[in-house]
Every structure is written in C-alpha cells, then in structure tokens.
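Here's the letter readout for the chains.
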Amino acid sequence: MNIKLSHERINSFCGDVLPLYLVSEQDLSKENIQWRSENEDLVILHTFSSDDPESVAHCALLTLVGVGETSVSATYNGHTYTCSVSVRPMRQAKKGESLNYFRGDFHDHTSNIHGHSEFAERKEGFVIDYLNFQKKDGKLDFAVVSDHAVTTNDRDFFAGFSGAEEIKPCPVEFLPGTESEITVIENDRFGITYKNAGEIVTVNSGSYVNAFSWQQFFDAMKRSPYAVCVLAHPQIVGLSAKGCWNFSLHKNNSPEFKNLLKGIETGDGGIRGSNAINEYVYSIALDNGFRVSTTCASDGHGPVWGYDFFSGKTVIMAYEKSKEAFLDALLARRFYATESGNVKVFYTVNGYEAASTLPLTDTYKFHIELSSFSDDPTTAPTAFRVISDYGRTVAEFKDVDLSDFDFEIKSDTARYFYIRFTDSEGRRTWSPPVWTSREADPPAPELTPLDKSGFTVTELESGKDASVLVNNDPLKIWESELGAATYLIDMKEEKTVSALGHYAPFINRKAFKEAENCAPVSAKIVAKIGREKNFKLVTALSRFVSKYEIWTSRDGENFEKCFDGQIRCFSGEDIIRFSPVKARYIKFKVLTNTGTEWRPSFDDLTLHIAELTVF
C-alpha cells in the first residue's frame, strides 16, 4: 500500500497553522495513527482521533509557535512518515510602511443547518463547496469560513485548512476558523437567567471549542497562541436565554481573554436590530482594557455566499495580499468594519497611525484621509464623530472634506479614541482605535440597592403613573408613547444616592418571529427595512434607552444635573454610577433611544424600559 505525507517539508512563518495528513488510496480516517512533534516549543500538534463519526485520525494541524528547525511524524502499521519543518519569524509591517487595503467577509458559514447530526449528514454545503464558490466569485480578498462549533466536525474543520491549501492559486485568501460557542448561564440579582457568553469567531486556531465555562474556553485556546478572536453579534437577541447575550466584559476581562480578543463585530448580516447596539460593546471593551478593533460580516448561512451577498466588509490594512500579512495586521488590530464596504480609512494622531499607543499627552492632533475602493459617491462619508471614554462623542463634524482633514482635541483623561464615519444613507464605518497610554478604570465596587417600597415614578411629559418601573419585576415593562421622556422618581424621603440602575426590556426572539402583530411599526420604518422578515425584531431592539441625563433634588423644585451619558449594555441591568448626593427626587431624562441614534428613519420609535433602581 502506497502511503505518504501530504508534505515532506514545510517552510513557513511563526504563527501559521498548517494542515498535514497521510495520503493513501485506503481510507485511514479511523485507523490507529500516532502523531508526534519532535519539539512542541516550535510546533504544537492538534490531532483528530476521537469517537466522532466524522473524525479524521490521519490528519493533523501544525501550529508554528517558535523559530527553528524540527520535524513532525506519523506512525502507522509499524511505518513512520516524517515531515521536516522550518519556521522563520512572522514578517511584520514596519512603522511608516505603506499599506494596502483588502476587503473580506469575516464571518461566513457553509450551511444553514444548526443541528449537529443534520449538519454531518447534509449532501451539499460542504467546506469545499464554499471554497470553490468563493474562488469562482473571486471578488473578495479574504474570507473566514466559521461554521458553528456545536454543529461542525473534525472532517469539515480540517477541510477548511486543507481545502484552502489545495485550491491555490486562488484570488481569495482563506482564513479558516469556527464560530466557537461559550454557554454560561447565570442569574442576576432579580433571579432572572441570562447568558453571560455567546459566540466568538475564532481564526487561526488549531481546534474548535464548544465550551460551558470561560475557563474551558481559555484552556482550549492555550495551544493556539496566535489565534484571533472576534465577538460575533455581541448584543444579538439569543435563543438559549432571555434577552440579549452578555459577554460581561467588565468582569470577563482576564489576561487570557484580553490576549485572545482582537475584534468586535459591529456589522452583521444586513439591517438587523443588533446592529443598532453592537457598536456599544466596542467602547465597553476599550473601557475595560481590551485592545480591539471592529469587523463586519455577512454571517451568511449558505449556500448564499460571495461579495455581492452583503455590502458590509471587513477591511484589513496589510503590506501585501497573503495569509502572513493578514495575520500580522489582525494581531496588530489594523482592521476595521465598513457597512458600505467601500471606505478606505487612513488617519493619524500626533503622527501615529491607528492602531497605535501614543506617548502620554493632553493634546491630540488628528489627520484624516478618506478614499474609496470604487467610484460610488453615495458611499462617501459626509460626517463623523470622534468617540472616547464610555462611548462619549468628544467631537463631531459634518460637511467637511474628508479626503484631507485636520483637527485637534484636548483631553487629560482620554484613554482611547476611535472615529465613526457616516454616509448619506446612514451606513457606518468604524476606524481602528488609538490608545493614549492611560490605564483602564479599576473594577467598580459593589453597591447596595435601596428598598423601593413606597417609591413612585411619573412620566412628566404625559403625566402618567410609571411606577411599574420600581416594582422589582423587570418582566413587567413600561411602554411609553414617547420617543424621549423624563421619569421623576419620588423616594418619599431624603437618601444618599450614588447610582441608578436601568434594566433593559427582555425581547423574546421566537415570539417576535411568530407574532402576527407586535408593537406598531411605522410605514417609514417598514419602507426603510423593506421585506426583511425580522423587521419587528429590529424595531424592538431600537426602542432601548440611549442618551440620558440624571438630575437630583432635595425639595422637588430645584434640580441639579449630576450625570449624563449613554446606555451601552442591554442585557439586563446597567448601573450608572455618579458621585454620592443627598436627594429625595431623581429625574431620569431620556434624550434619545437606540433607534434614533442608529438611523434617522427610526425617529418615531417609542421607549420601552423594564426597571429602575436607586443605589
């Protein structure tokens, strides 16, 4: 029997993940094969011998983690087959080096099947079908195939790597990956369950992970030190728990996670409700010390694929079109999301290109140069906001020449900046960030909620009693007829207060899909969204509180503003902290909702709030 390895010699860069397998006319996928790396300080082996019916014991993935010469071998039936491996340092872009712009889809699927058994038994939609389609389409610069870890199998996961190698030459550079599932169900202080986790697009990993604790995920990823992880649709309405998913980055901010996480998916699959609120997780991550940028993806569950399926793209800034250059850029956070897929962003702060850490200062000189991939005036940004700590807008410009624009910001507190550009159609582009060398906030101390017995709440504009907001039951929500309103909390006696808790309404995704009539949706919104089957869910997610002010008073007549900001987390309770103050009355003044912040056509949506708590 003629057996050989797919490679007798491998020459590649440190950080690469490569396929190696035994080639034979006989099916060796279930045979007893021993794989060995002569030096795991240079090459980590990931093998696939398991009880999974789709296991491929004759295959291995090599993660190159150190520079030098070594070998990998496979022993079968008394014979050993050896591949020599030479690993060089990853070529990194030099400071000031001219970079090119490349567009791709950072989150795609080979199938719309979500059941493991059905996925394995499907007759079409295999990884090789996806690769061949993208090769024929030929319009993307790169693509990430990322089937769900809970449904995929060893055969298909490995095929992402081997197929990407075998299909060359190809105009598309494939970055094989998976959509890892992390399922952690917790209870909040009201006793309501929520999902402290979600799905993470994981690229350049030697294995796929379906985990039931964060530590299980971190442990599995230890053998993939050059993996790139991106939070997928981080505030999507989940099916496995009530309300939005919650990655709880304020407490899930371990060194392991900070090292793994490189991006936040802000654009996902067209006009989805979660796109209105995903961006906020970007600033939450930056506030908590994560070094991340943004991605945009079709999240297409095949077999509908390709460049034209979804306009949004992830743009990678790299020195060339190659896997090595793309991984260098991803690890350095030189990538960003653009909903039109047609915006090239170049900007510097104090002469440093994004994404850089700046020398500490209080003066920031911005230089912006925008251009496009193709000539389409409708995609040219017409306005932008500079966003800094806590997601606050610190500068806003409209109707300026963004092909060459300079401005200055002064701040002695900013920890980061990023820029959100908007075109005339409302499509957004998010720049990579720059960091200012200031540290993230330390963990916030625990607070004690006040007994709300006897509290009343009034919606001042309508005069209606809104005391359902303080009934300690977030499942009974307040549905206003207004898009912006002020809520006066009367605590009946003076207390020292230092925080206000805002609880976002729960949204039942399944109920919205099945309902004949949900909350009213204006004809203007329906026209904007078109025939999207989830438009009711879009509008539901667009009714959350966005910008607000908090005012306090001891006598009900004289109020002082003690805080203003923007709600950014819509999974359960978000606690707004401010300096302690004595007060009997608190005004929670809602200025905008997430719909009006997202798209002008959503300006007639009304507010929904689940609960308010005083701490």
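Residues numbered from 1 in each chain as written. Predicted model: local features only at pLDDT ≥ 70, side-chain atom pairs only at ≥ 80, totals over all residues. Heavy atoms only, no water.

Our focus in this paragraph is empty space enclosed by the protein. Considering all chains together, one arrives at two cavities of 30 Å³ or more under this definition. Empty space within the largest cavity amounts to approximately 70 Å³. If you trace the largest cavity, you find it lined by Val127, Val145, Asp147, Thr152, Asp156, Phe157, Gly160, Pro176, Gly177 and Thr178. Elements that contribute at least two residues to the lining of the largest cavity include exactly α3 (154–166) and β12 (177–182). Examining the composition of the lining of the largest cavity, we find that three residues originate from one element, α3, more than from any other. Broken down by class, the residue content of the lining of the largest cavity amounts to four nonpolar, four polar and two charged. Considered as a void within the structure, the second largest cavity measures approximately 30 Å³ in volume. If you go around the second largest cavity, the residues you meet are Asp105, Ala297, Ser298, Gly306, Tyr307, Phe310, Gly312 and Lys313. Among the residues forming the lining of the second largest cavity, the class breakdown is three nonpolar, three polar and two charged. (1 Å grid on protein atoms, 1.4 Å probe; cavity = no way out; pocket = protein on both sides within 12 Å on 5 of 7 lines; lining within 4 Å. Points joined across faces, edges and corners; volume = space filled by probe spheres on them. Helix = DSSP H or I, 4+ residues; strand = E, 2+ residues; numbered from the N terminus. Nonpolar A, V, L, I, M, F, W, Y, C, P; charged D, E, K, R; others polar.)

Going from Lys168 to Pro169, the amide bond is cis rather than trans, its omega being 0°. A positive phi angle is found at His233, which is not glycine, with a value near 25°. With respect to the helices and strands, the residue His233 is situated in the loop between β17 (228–231) and α5 (255–260). Judged by relative accessible area, His233 falls into the buried class, the value being 3%. Despite not being glycine, Asn350 has its phi angle at roughly 55°, a positive value. Here Asn350 lies in the loop between β23 (343–349) and β24 (352–353). Look at Asn350 and you get partly exposed, because its relative accessible area is 29%. (Buried < 20%, exposed > 50% of the residue type's maximum accessible area, 1.4 Å probe, protein only.)

When pLDDT is averaged across the protein chain, the result is 91; 94% of the residues are at 70 or more. Of the regions scoring below 50 in pLDDT, residues 515–533 engages in 28 contacts with residues more than four places distant in sequence or in other chains. (pLDDT = per-residue confidence, 0-100. Contact = heavy atoms within 4.5 Å.)

The geometry of helix α2 (residues 127–137) relative to α3 is characterised by a closest axis approach of 9 Å and an angle of 35° between their N-to-C directions. For the pair α2 and α3, the crossing hand works out as right-handed. Residues Val127, Ile128 and Leu131 of α2 form the contact with α3, whose own contacting residues are Asp156, Ala159, Gly160, Gly163 and Ala164. A class-by-class count of the residues in the contact of α2 with α3 yields five nonpolar, two polar and one charged. (Axes fitted to C-alpha atoms, helices over the stretch in contact; angles between N-to-C directions. Left-handed = near helix turned anticlockwise from the far one by under 90°.)

On to the side chain of Ser73, then. Secondary-structure assignment places Ser73 in strand β7 (residues 68–76). Of the residues examined, Ser73 reaches a relative accessible area of 7% and is grouped as buried. What Ser73 contacts, discounting residues up to four positions off in sequence, is Gln34, Trp35, Arg36, Thr80, Tyr81 and Thr82.

A separate point is the sheet that holds strand β6 (residues 59–64). Ordered in space as β1-β3-β6-β5, the four strands form an open sheet in which the pairing is antiparallel. Every other strand in the sheet has two partners, leaving β1 (3–5) and β5 (43–47) as the edge strands with one partner each. Taken over all neighbouring pairs, the strand axes of this sheet differ in orientation by 20° on average, direction set aside. Pairing between strand β3 (residues 17–24) and β6: five bridges, direction antiparallel. The residue bridging Leu20 from the neighbouring strand is Ala60, located in β6. On the sheet, α3 packs against β3 and β6 and is oriented at approximately 90° with respect to β3. (Pairing = 2+ DSSP bridges.)

Among the nonpolar cores identified, the biggest contains 48 residues, and Phe106, Tyr347, Phe366, Phe384 and Val386 are the most heavily contacted of them. When residues in this core are grouped by element, the largest group, five residues, is from helix α7 (residues 323–331). The contact partners of Phe384, leaving out residues within four places of it in the chain, are Ile368, Ala395, Glu396, Phe397, Val400, Leu402, Phe405, Phe407, Ile419, Arg420 and Phe421. Judged by nonpolar contacts, the second largest core, of 41 residues, contains Tyr280, Val497, Ile507 and Val590. (Core = buried A, V, L, I, M, F, W, Y, C linked by side-chain atoms within 4.5 Å.)

You can see Asn252 is positioned in the loop between β17 and α5. Looking at Asn252, the relative accessible area reads 13%, which means it is buried. Side-chain polar atoms of Asn252 contact the side chain of Asn196, separated by 2.9 Å. Polar side-chain contacts of Asn252 include one of 2.9 Å to the backbone oxygen of Phe247. Filtering out sequence-adjacent residues up to four positions away, Asn252 remains in contact with Asn196, Trp214, Phe247, Phe257 and Phe290. (Polar contact = N/O pair within 3.5 Å; in protein donor to acceptor, adjacent residues only side chain to side chain.)

The next point concerns the pattern of salt bridges. Scanning all chains against the criterion turns up 33 salt bridges. Note that Glu396 is salt-bridged to Arg385, the shortest N-O span being 3.4 Å. Of this pair, Glu396 sits in strand β27 (residues 392–398) while Arg385 sits in strand β26 (residues 381–388), and the two are eleven residues apart along the sequence. The shortest N-O distance in the salt bridge between Lys547 and Glu597 comes to 3.9 Å. Here Lys547, found in strand β36 (residues 547–553), pairs with Glu597, found in helix α11 (residues 594–598); they are 50 residues apart in sequence, far enough to count as distant. Look at Lys547 and you get partly exposed, because its relative accessible area is 25%. The exposure class assigned to Glu597 is buried, which follows from its relative accessible area of 19%. (Salt bridge = Lys/Arg side-chain N within 4 Å of Asp/Glu carboxyl O.)

What follows covers the sheet that holds β7. One open sheet accounts for four strands, arranged β2-β8-β7-β4; its pairing is mixed. This sheet does not close on itself; its edge strands, each paired only once, are β2 (9–13) and β4 (34–37). Taken pair by pair, the neighbouring strands of this sheet meet at an average axis angle of 20°, ignoring direction. Pairing geometry for β4 and β7, over four bridges, is antiparallel. Counted as the bridge partner of Gln34 is Thr75 from β7.

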